[in-house]
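Residues per chain, in single letters:
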Amino acid sequence: MSERLPQGDLRLIEHEVAARLLASKELTRMAYVASDGTPRVFPMMFHWTGEEVVMATFGGAAKIAALRARPDVALTIDAQGPPPEVLLIRGPAEVVEVAGIVHEYRLAHHRYFGEEQGEQVVAAVDRPGVTMARIAVRPTWAGVLDFQSRMPGPLRHLEG
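Residues at a pLDDT of 70 or more form 91% of the chain, whose mean pLDDT is 91. A low-confidence stretch, residues 155-160 (pLDDT under 50), is modelled with nine contacts involving residues beyond four sequence positions or located in other chains.

What follows is the structure, given as structure tokens:
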């Protein structure tokens, strides 16, 4: 991507750093406002559909009600580096309850652990009566920091 896109431009999802992180085994960290009004950051496995970052949680989790009440979230997927690489995403979380295992939960486990071990982990929780919530974030804002071609605000003057 040779065009210099500003932070916030959704086309940054196509940046090579973003694509690498969306296909990686790094966790996403989801920031949201809990039901008591205080901020939370929660690490989660995810699956990128090409349009949404999808996470899953089991039925009854406190974050379900909190996300329904205040759906705006921020996500970060980052790799330590050096240099560090960071994908930042903002958007509303859509929460849908599912009877059984969320499809993207299975796909994420396969990516993170491999086909065989991922399926074993999913099978261990796939019991009659299990409910999950599918949490999907469709980006409305995207940012990339790779500290080489795209640096954060105060360091921009170093870019050539």
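Once that is clear, we can look at helix 3 (residues 103-113). Burial in helix 3 covers these residues: Glu-104, Tyr-105, Ala-108, His-109, His-110, Arg-111 and Tyr-112. For helix 3, the elements touching its buried residues are helix 1 (16-22), strand 2 (39-44), strand 3 (47-48), strand 4 (53-58), helix 4 (115-125) and strand 7 (131-137). Of the residues flanking the end of helix 3, it is Gly-114, one or two places downstream, whose phi is positive at about 90°.

Inspection of every chain in the model, using the stated rule, returns two aromatic pairs. A ring pair is formed by Phe-46 and Tyr-112, whose centres lie 6.4 Å apart and whose planes are at 85°; its orientation type is edge-to-face. Placement of the pair is Phe-46 in the loop between strand 2 and strand 3 and Tyr-112 in helix 3, with a sequence separation of 66 residues. By relative accessible area, which is 0% here, Phe-46 ends up buried. Taking relative accessible area as the criterion, Tyr-112 reaches 11% and is therefore assigned buried. In this structure, Lys-63 is placed above the aromatic ring of Phe-42, and the distance from its NZ or CZ to the ring centre is 4.1 Å. Above the plane of the ring of Phe-46 lies Arg-111, whose end atom (NZ or CZ) is 4.8 Å from the centre.

What counts, and at which threshold
- Throughout, residues of each chain are indexed from 1 in the direction in which the sequence is written.
- Residues qualify for local features only when their pLDDT is at least 70, as the model is predicted, and side-chain atom pairs are given and counted only at 80 or more; totals for whole chains, interfaces and linings, by contrast, use all residues.
- Computation of side-chain values: all heavy atoms of the structure, hydrogens and water removed.
- pLDDT runs from 0 to 100 and stands for how confident the predictor is about each residue.
- Whether two residues touch is decided by their heavy atoms; if any such pair falls within 4.5 Å, the residues are in contact.
- Categorising residues by exposure relies on relative accessible area from a 1.4 Å probe, with only protein chains included: less than 20% of the type maximum marks a residue as buried, more than 50% marks it as exposed, and the intermediate range marks it as partly exposed.
- Put simply, DSSP H or I for four residues or longer makes a helix, DSSP E for two residues or longer makes a strand, and each gets a number counted from the N terminus.
- In this scheme Phe, Tyr and Trp rings, the latter by its six-membered ring, pair at centre separations within 6.5 Å, and the angle between planes marks the pair as stacked below 30 degrees, edge-to-face above 60, and tilted otherwise.
- Any Lys NZ or Arg CZ found within 6 Å of a ring centre and within 35 degrees of that ring's normal is scored as a charge over the ring.

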